[in-house]
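Fold and geometry: a report
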Amino acid sequence: MLFTIDIGNSNIVIALMKNKDEITFMARTKTIKNGDEEYYYRTISKIFDENNINADEIEGAILSSVVPEITQAVAKAAGEIADTDTIVVTYQSETGITICTDNPEKVGNDLIVDAVCGINEYEGDLIIFDMGTATTCSVIDRERNYLGTIIIPGMAISAQALSSKASQLPKIQFKAPKHLIGRNTVESMQSGLIYANAAMIDGLVQRIEKETGREATVLATGGIASIVVPHCQKKITYDPDILTKGLWYIYQNEHKN
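Here's a quick rundown of the structure. Quick caveat, the model's predicted, so the values are computed rather than measured. (Residues numbered from 1 in each chain as written. Predicted model: local features only at pLDDT ≥ 70, side-chain atom pairs only at ≥ 80, totals over all residues. Heavy atoms only, no water.)

**Brief notes about the overall build of the protein chain**
Convention followed: What counts as a helix is a DSSP run of H or I of at least four residues, what counts as a strand is a run of E of at least two, and both are numbered from the N terminus. To get the radius of gyration, use the C-alpha atoms; to get the globule rule, take the number of residues to the power 0.38 and multiply by 2.2 Å. Any residue under 20% of the maximum accessible area for its type is buried, any over 50% is exposed, and the rest in between are partly exposed; the area is computed with a 1.4 Å probe on protein chains only. Residue contacts are counted whenever heavy atoms from the two residues lie within 4.5 Å of one another. The method behind every accessible area is Shrake-Rupley, applied with a 1.4 Å probe, and residues are considered shielded solely by the protein chains displayed. Charged-residue counts in this description rest on Lys and Arg as positive and Asp and Glu as negative, His and the chain ends being excluded. In plain terms, the charge of a residue is placed at NZ if it is Lys, CZ if Arg, CG if Asp and CD if Glu.
Within the protein chain, the secondary structure is distributed over seven helices and eleven strands. Here the protein chain has a C-alpha radius of gyration of 19 Å; the compact-globule value for 257 residues is 18 Å, and the two agree. Expressed as a percentage of the 257 residues in the protein chain, the buried residues total 49%. Put simply, 57% of the contacts in the protein chain that link residues at least 6 apart link residues at least 24 apart. For the protein chain, the computed accessible surface area is about 13300 Å², with 45% contributed by carbon and sulfur atoms. Each charge class in the protein chain can be summarised by its mean position, and for the 23 positive and 34 negative side chains these summaries are 10 Å apart.

**Thoughts on the packing of helix α1 (residues 37-50) against helix α2 (residues 68-82)**
The following threshold applies: In this analysis an axis means a line fitted to C-alpha atoms, helices contributing only their contacting stretch, and an angle means the value between N-to-C directions, from 0 to 180 degrees. Should an angle fall under 35 degrees it is taken as roughly parallel, and over 145 as roughly antiparallel, whereas 65 to 115 is taken as roughly perpendicular and any remaining angle as oblique. Here a crossing is taken to be left-handed if its near helix is turned anticlockwise relative to the far helix by less than a right angle, and right-handed if that turn runs clockwise. Residues are sorted three ways: Asp, Glu, Lys and Arg are charged, Ala, Val, Leu, Ile, Met, Phe, Trp, Tyr, Cys and Pro are nonpolar, and all the rest, Gly among them, are polar.
Packing of α1 against α2 brings their axes to within 8 Å, and their N-to-C directions diverge by 45°. With respect to α2, the axis of α1 lies oblique. α1 and α2 meet at a crossing whose hand is right-handed. Only I70, A73, V74, K76, A77, E80 and I81 of α2 make contact with α1, whose side of the interface consists of E37, Y40, Y41, I44, S45 and F48. Split into classes, the residues belonging to the contact of α1 with α2 amount to nine nonpolar, one polar and three charged.

**Details of the sheet that holds strand β11 (residues 237-238)**
Filter applied, for reference: Two strands pair if DSSP finds at least two bridges between them.
Taken together, six strands build an open sheet; the order of strands is β6-β9-β8-β7-β10-β11 and the sheet is mixed. Looking at which strands have only one partner, the edges of the open sheet turn out to be β6 (98-99) and β11. By the bridge criterion, two bridges tie strand β10 (residues 216-221) to β11 in an arrangement that is parallel. Within the sheet, the bridge partner assigned to A220 lies in β11 and is Y238. Relative to strand β7 (residues 125-131), helix α5 (residues 185-212) is tilted by about 155°, and along the sheet it contacts β7, β8 (134-140), β9 (145-153) and β10.

**Thoughts on the pairing of strand β4 (residues 60-65)**
In terms of burial, β4 is largely enclosed, as six of its six residues are buried. Judged by which residues are buried, β4 turns out to be covered on both faces: G60, I62 and S64 on one side and A61, L63 and S65 on the other are all buried. Note that strand β1 (residues 2-7) and β4 share six bridges and pair parallel. Its bridge partner being in β4, T4 is matched across the sheet by I62. Of the pairings in the sheet, the one linking β4 to strand β5 (residues 86-88) comprises three bridges and is parallel in character.

**Some words on the packing of helix α3 (residues 109-121) against helix α7 (residues 242-254)**
Remark: α3 packs on α7, axes separated minimally by 7 Å, with the N-to-C direction vectors making an angle of 80°. The angle between α3 and α7 places the two elements in the roughly perpendicular class. For the pair formed by α3 and α7, the contact residues are D110, V113, D114, V116, C117, N120 and E121 on the first element and I242, L243, K245, G246, L247, Y249 and I250 on the second. Its residues assigned to classes, the contact of α3 with α7 comprises eight nonpolar, two polar and four charged.

**Quick notes on the packing of aromatic side chains**
Operational definition: Centres within 6.5 Å are what make two rings of Phe, Tyr or Trp a pair, Trp counting through its six-membered ring; a difference in plane orientation under 30 degrees is then read as stacked, over 60 as edge-to-face, and the rest as tilted.
Per the counting criterion, the structure on display carries three aromatic pairs. Ring geometry for F3 against F48: centres 5.3 Å apart, planes inclined by 55°, an arrangement best described as tilted. With a gap of 45 residues between them, F3 in strand β1 and F48 in helix α1 connect regions that are remote in the sequence. Overall, the relative accessible area of 0% leaves F3 in the buried class. Relative to Y40, the ring of Y39 has its centre 4.9 Å away and its plane inclined at 85°; by these criteria the two rings are edge-to-face.

**Remarks on the pattern of salt bridges**
Going by this rule: A side-chain nitrogen of Lys or Arg and a carboxyl oxygen of Asp or Glu constitute a salt bridge if their distance falls within 4 Å.
In this structure the tally under the stated criterion is eight salt bridges. A salt bridge links K245 to D239, with the shortest nitrogen-to-oxygen separation between them at 2.9 Å. Of the two residues, K245 and D239, neither departs from the other in class, the shared state being buried. Beyond isolated ion pairs, a larger network of salt bridges with shared partners links K20, D21, E121, D239 and K245.

**Looking at the nonpolar core**
Going by this rule: The set of buried Ala, Val, Leu, Ile, Met, Phe, Trp, Tyr and Cys residues whose side-chain atoms join them within 4.5 Å is what this entry labels a nonpolar core.
Counting 27 residues, the largest nonpolar core has I62, I140 and Y146 as its most contacted members. Of all the secondary structure elements, the ones that give two or more residues to this core are α3, β7 and α7. If near-sequence neighbours (up to four positions away) are discounted, I140 is found in contact with A115, I119, D125, L126, I128, N145 and Y146.

**A closer look at the side chain of D114**
With respect to the helices and strands, D114 occurs in helix α3. As a buried residue without a salt bridge, D114 has its nearest oppositely charged side chain in K245, at a separation of 10 Å. The residues touching D114, leaving out its near neighbours within four places in the chain, are I128, D130, T221, I242 and L243.

**Some details on the environment of T43**
Within the fold, T43 resides in helix α1. For the pair T43 and T29, spaced 14 residues apart in the sequence, the C-alpha separation amounts to 8.1 Å.

In short, geometric facts, not functional conclusions.
Listed below in structure tokens is the structure:
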């Protein structure tokens, strides 16, 4: 089995895969930015123990991180548990894509991994929305060139900013309200988060396709995306496992050499 780790700003997602189409286990744990190797060894070991995971069945491990201060600590902990070296994804990894931005080393590793899954599983130009702590929009052409990114405050950040900075605005659940035009405060905020983000996605797709001059396959991932995508007017394919599958492809590429 392949052991994959995705370190995000809010959560770390760990998964076990028999192949790219068979994720046998997945779990989340909170990202602790001052956690050391010992902390993450205990945390991952506990998750494995609670779910009867036999680490002896793991043949390899690969990690993507957007939190550099804990990347090596988690990589070492995972490698010790699985008794294998952990591959850490960078812009120099064997991805099969060409990063055409001004500073390739600054492109988020999660965006690179998303793009790798995209080029292997979908056709044509790609626009990939990853809705996490931040909402990112990556553009990859059919020649496998990573053209660039749009970064937007994520829905959770936006909701937190509203409730913390405006005294009369409460914390709300992320769900679509009954009415687009809100008839109470909660409904109005929900409309602003759900429908406005759906409209933003539609609008960005339209503008990107106008700039590139080509239609694109549009993908979305991240838990929040599952709430927003049904309200988009454009055709959006929701794929919750893009990043995990992307790690599988990069691992295979690295072992071809």
